[in-house]
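# Coordinate analysis (summary)
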Amino acid sequence: YNPGREPRDMQLIVSVKPGSTYTPDSQGNHDLFRQYGRIGIKAGTEVTLNITFQDNATRSSTTQGGIDFTFLDLDQGLAGQSSEYIEVGGFVKYSLMSTTEVQVSPGAICGTTRFTASQPGNFLIDHPVDDASLTPQQQNRAVMLSFENAVMVEVTMSCSAGTVDCNFLFKAKPSLKCPTDPIT
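The following refers to the structure shown.

Turning our eyes to something else, we now look at the nonpolar core. Soluble globular proteins tend to pack their nonpolar side chains together in the buried interior. Counting residues in each nonpolar core, the largest one holds 31 residues, and the members touching the most others are Phe69, Phe115 and Met157. Where this core is concerned, the elements lending two or more residues are strand E3 (36–41), strand E4 (45–55), strand E6 (64–72), strand E7 (84–89), strand E11 (143–150), strand E12 (152–159) and strand E13 (166–171). Discounting residues that sit within four places of it in the chain, Phe115 has contacts with Leu74, Glu84, Tyr85, Ile86, Val88, Phe91, Tyr94, Val102, Gln103, Val104, Val143 and Leu145. Of all hydrophobic cores here, the second largest spans nine residues; its members include Leu72, Ala142, Met144 and Leu176.

We now examine the pairing of E6. Remark: a regular strand shows side chains that alternate across the two faces of the sheet. With nine of its nine residues buried, E6 lies for the most part within the structure. As judged from the seven bridges shared by E6 and E11, these two strands associate in the antiparallel manner. Counted as the bridge partner of Phe69 is Leu145 from E11. The pairing of E6 with E13 spans three bridges and is antiparallel. The partner of Leu72 across the bridge, within E13, is Leu169.

Next up on the list: the pattern of salt bridges. Inspection of every chain in the model, using the stated rule, returns six salt bridges. Residues Glu154 and Lys17 are paired through a salt bridge, measuring 3.4 Å at the closest nitrogen-oxygen approach. Of this pair, Glu154 sits in strand E12 while Lys17 is found in the loop between strand E1 (10–16) and strand E2 (30–33), placing the two residues 137 residues apart along the sequence. For Glu154, a relative accessible area of 29% puts it in the partly exposed group. The partner of Arg141 in a salt bridge is Asp75, with the nearest N and O atoms 4.0 Å apart. Separated by 66 residues along the polypeptide, Arg141 in the loop between helix H2 (136–140) and E11 and Asp75 in the loop between E6 and E7 bring together distant segments of the chain. Here the salt bridges share partners, and the residues they tie into one network are Asp75, Glu101, Asp126 and Arg141.

Thresholds, definitions, all that
Residues numbered from 1 in each chain as written. Predicted model: local features only at pLDDT ≥ 70, side-chain atom pairs only at ≥ 80, totals over all residues. Heavy atoms only, no water. Core = buried A, V, L, I, M, F, W, Y, C linked by side-chain atoms within 4.5 Å. Buried < 20%, exposed > 50% of the residue type's maximum accessible area, 1.4 Å probe, protein only. Helix = DSSP H or I, 4+ residues; strand = E, 2+ residues; numbered from the N terminus. Contact = heavy atoms within 4.5 Å. Pairing = 2+ DSSP bridges. Salt bridge = Lys/Arg side-chain N within 4 Å of Asp/Glu carboxyl O.

Functional significance is not addressed by these values, which are geometric in nature.
As structure tokens, this is what we get:
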């Protein structure tokens, strides 16, 4: 999604960063879920992913002049088990709702920011279906990141120890309506 720019037919290529290990959730979820990318990871593990952009016409990697990513459904397992967080850097600003449930802190690696779930969720009833009609709760569990001249987005997804595996949803499009003023 590139507002104000000519649309291009692109694919997102998601790969495990060399040196990182991916341990899928018990369902093996790493696919499209409705209109979102989905990465499922086993409780007690984390993975660092590289997301690159490929031009469908040339089949080559390309730079995005400006792109917004939304990571959705940052929540915990029932009873607060298996909390999710993402850690990412390289963005120019992030946006949250004024009533966000997402906690923000410095990341473990210099120049990154950690976005951590703070409330339990329930996969059966609160996963987003359409980012054009997110409920207030779904908006409160999302973070929107804006990148300029991005060749690749590197994101670490982590699921704390517990009995419930984690699913991370994302989309290369702004999905929050009326977020707080962007934070740079």
